[in-house]
Amino acid sequence: MRTVILHYHLFKNAGTSLDAAFKECVKPEEWVTKEFPGQPNINREQVAQWILDNPQAKVFSSHTAHLPPPKLEGIKVLPVIFLRHPIDRIASAYAFETKQGGDSFGAVLARNTDLTGYIETRLALPHDRQCRNFHMQRLAMMFGEQQGDEFTRAKKALEDLPFIGIVEQFTDSMARLEQWLQDEGFEDMYLKPVEKNVSRDITMTLDNKLQSFKKQISKEVYDKLLQSNSQDLSIWSSVSKVEL
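Keep in mind it's a predicted model, so treat the numbers as computed, not measured.

S.K.: Just give me the short version of the pairing of strand 1 (residues 2-8), but keep the residues and values in it.
M.R.: Taken across its 7 residues, strand 1 has 6 buried, putting it largely inside the fold. As paired elements, strand 1 and strand 3 (residues 59-62) share 4 bridges and run parallel to each other. For Leu6, the partnering residue across the bridge sits in strand 3 and is Phe60.

Encoded structure:
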């Protein structure tokens, strides 16, 4: 049985730092990355074929691969995903997109508006999930729509996924991940927490980050953001064991 790691690299959820740790543990050709189209069936078919087409790879990383992990004969796929406090993730996304180059929608928007404008614009777009229950949508992909609404499916995913890391508990999460992967046959997987692609001051506590964030926008916009991420906040709280 071949065993591989599939890292669901969610935007601004410490994925670059995790990938850097993975790369330290495998040969260059054993870590691969690729992006996929949004159409769910095509996405999942291409992810499965990607794993089959790269027999040398041990770690697969993608921002856009959809859950659930593919079921392949003779191959065990270990899904790895990290979650982050949803409001802090939005703040980090804005900080990152104001600095990055390129002409993606988010980058252009961030460079041409303030934080309030960024949030209000993204919330006004019905299908844009960057500032609206981002984690819930990605987790809900684990199950078909016939199994409930997004929140129901996301909570079910929390129960079924074998590993979920927490960005705010990164060191502890990496230790749990390392032990799990070693138990699954990756005996040489020693993960060293590294800081890569960091957009904001990592020495600040979460509470201080959130207080700083609140000062940059109006109470009305902040309340709207809380309402638009109420399910994500519930998900983060349940996984991190931190009461909101």
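S.K.: How would you sum up the packing of aromatic side chains? Please name residues and give values.
M.R.: In total, this model carries 8 aromatic pairs according to the counting rule given. Among the aromatic side chains, those forming a connected cluster through ring pairs are Phe82, Phe163, Phe170 and Trp180. Its end group placed over the ring of Trp31, Lys23 keeps NZ or CZ at 4.1 Å from the ring centre.

S.K.: I'd love a proper account of helix 2 (residues 40-53), names of residues and values included.
M.R.: Compared with an ideal rise of 1.5 Å per residue, which puts 14 residues at 20 Å, helix 2 spans 20 Å between its outermost C-alpha atoms and is within 8% of the ideal. Residues Asn43, Val47, Ala48, Trp50 and Ile51 constitute the buried set of helix 2. Projected down its long axis, helix 2 carries its buried residues within an arc of 155°, all on one side. Turned more than 90 degrees away from the buried face of helix 2, the exposed residues are Asn41 and Glu45. On its buried face, helix 2 is in contact with strand 1, strand 2 (31-33), strand 3 and strand 4 (75-83). Between a side-chain oxygen at the N-terminus of helix 2 and the backbone nitrogen of Asn41 the separation is 3.0 Å; the capping residue is Gln39.

S.K.: I'd like a description of the nonpolar core, backed by residues and values.
M.R.: Counting 55 residues, the largest nonpolar core has Leu83, Ile119, Leu139 and Phe213 as its most contacted members. Counting residues per element, this core draws most heavily on helix 3 (residues 86-99), which supplies 6 residues. When near neighbours in sequence (up to four residues on either side) are disregarded, Ile119 contacts Ile90, Cys131, Phe213, Ile217, Val221 and Leu225.

S.K.: Please give an account of the packing of helix 5 (residues 115-124) against helix 10 (residues 219-228) that cites residues and values.
M.R.: Packing of helix 5 against helix 10 brings their axes to within 11 Å, and their N-to-C directions diverge by 40°. Considered as vectors, helix 5 and helix 10 are oriented oblique to each other. Viewed along their axes, helix 5 and helix 10 form a crossing whose handedness is left-handed. Touching Thr116, Ile119, Glu120 and Leu123 of helix 5 are Val221, Lys224, Leu225 and Ser228, all from helix 10. Residues that form the contact of helix 5 with helix 10 fall into these classes: 4 nonpolar, 2 polar and 2 charged.

S.K.: Summarise the environment of Leu6; cite the residues concerned and give the values.
M.R.: Turning to its location among the elements, Leu6 is positioned in strand 1. Each C-alpha atom of the pair Leu6 and Phe96 lies 24 Å from the other, and the pair is 90 residues apart in sequence.

S.K.: Just give me the short version of unusual backbone geometry, but keep the residues and values in it.
M.R.: Put simply, Leu67 and Pro68 share a cis peptide bond, and its omega is 0°. In this fold, Pro68 is placed in the loop between strand 3 and strand 4. Positive phi outside glycine occurs at Lys12, with the angle close to 65°. By secondary structure assignment, the location of Lys12 is in the loop between strand 1 and helix 1 (15-23). Accessibility expressed as a relative area gives 8% for Lys12, which makes it buried. Its identity as a non-glycine residue notwithstanding, Ala14 has a phi of 65°, on the positive side. Relative to the helices and strands, Ala14 resides in the loop between strand 1 and helix 1.

S.K.: Give a description of the pattern of salt bridges that names residues and reports values.
M.R.: Counted by the stated rule, this structure contains 7 salt bridges. For Arg122, the salt bridge identified is with Asp128, shortest N-O distance 2.9 Å. Exposure class is identical for Arg122 and Asp128. Each is buried.

S.K.: Which residues make up the packing of helix 3 against helix 9 (residues 206-215), and what values do they have?
M.R.: Orientation of helix 3 relative to helix 9, taken along the N-to-C sense of each, is 60°, at an axis distance of 10 Å. Crossing geometry of helix 3 relative to helix 9 is assigned as left-handed. Listed contacts from helix 9 to Ile87, Asp88 and Ala91 of helix 3 are Leu206, Lys209, Leu210 and Phe213. Here the contact of helix 3 with helix 9 is composed, by residue class, of 5 nonpolar, no polar and 2 charged.

Definitions and limits used
Along each chain, numbering runs from 1 in the same order as the chain's sequence is written. For this predicted model, a pLDDT threshold of at least 70 governs which residues receive local features, and a threshold of 80 or more governs which side-chain atom pairs are given and counted, while totals over whole chains, interfaces and linings are taken from all residues. Just so you know, side-chain values use all the structure's heavy atoms and leave hydrogens and water out. For every residue, the accessible area (1.4 Å probe, protein chains only) is compared with the maximum for its type, and the residue is labelled buried under 20%, exposed over 50%, or partly exposed between those bounds. Strands here mean DSSP runs of E at least two residues long; helices mean DSSP runs of H or I at least four residues long; both are numbered from the N terminus. By definition, two strands form a pair when at least two bridges between them are found by DSSP. Aromatic contacts are taken between Phe, Tyr and Trp rings whose centres are within 6.5 Å, Trp giving its six-membered ring; a plane angle under 30 degrees counts as stacked, one over 60 as edge-to-face, and the others as tilted. Our definition puts a charge over a ring when NZ of Lys or CZ of Arg is within 6 Å of the ring centre and also within 35 degrees of the ring normal. Take the number of residues in a helix, subtract one, and multiply by 1.5 Å to get its expected span. Taking the helix axis as origin, the arc is that swept by the directions to the C-beta atoms. Throughout, a residue-residue contact means that at least one pair of heavy atoms, one from each residue, lies within 4.5 Å. We call two N or O atoms a polar contact when they sit within 3.5 Å, provided that within protein one can donate a hydrogen and the other can accept it, with sequence-adjacent residues counted only if both atoms are side-chain atoms. What we call a nonpolar core is a set of buried Ala, Val, Leu, Ile, Met, Phe, Trp, Tyr and Cys residues that are connected through their side-chain atoms within 4.5 Å. Only the contacting stretch of a helix is used when fitting its axis, a line to C-alpha atoms as for every element, and angles between N-to-C directions run 0 to 180 degrees. Angle categories: roughly parallel below 35 degrees, roughly antiparallel above 145, roughly perpendicular from 65 to 115, and oblique for all the rest. Take the far helix as your reference; a near helix turned counterclockwise from it by less than a right angle gives a left-handed crossing, and one turned clockwise gives a right-handed crossing. Gly is placed with the polar residues, together with every amino acid not listed as nonpolar (Ala, Val, Leu, Ile, Met, Phe, Trp, Tyr, Cys and Pro) or charged (Asp, Glu, Lys and Arg). Basic side-chain nitrogens of Lys or Arg form a salt bridge, by our definition, when they fall within 4 Å of a carboxyl oxygen of Asp or Glu.

Nothing here speaks to function; it is all geometry.
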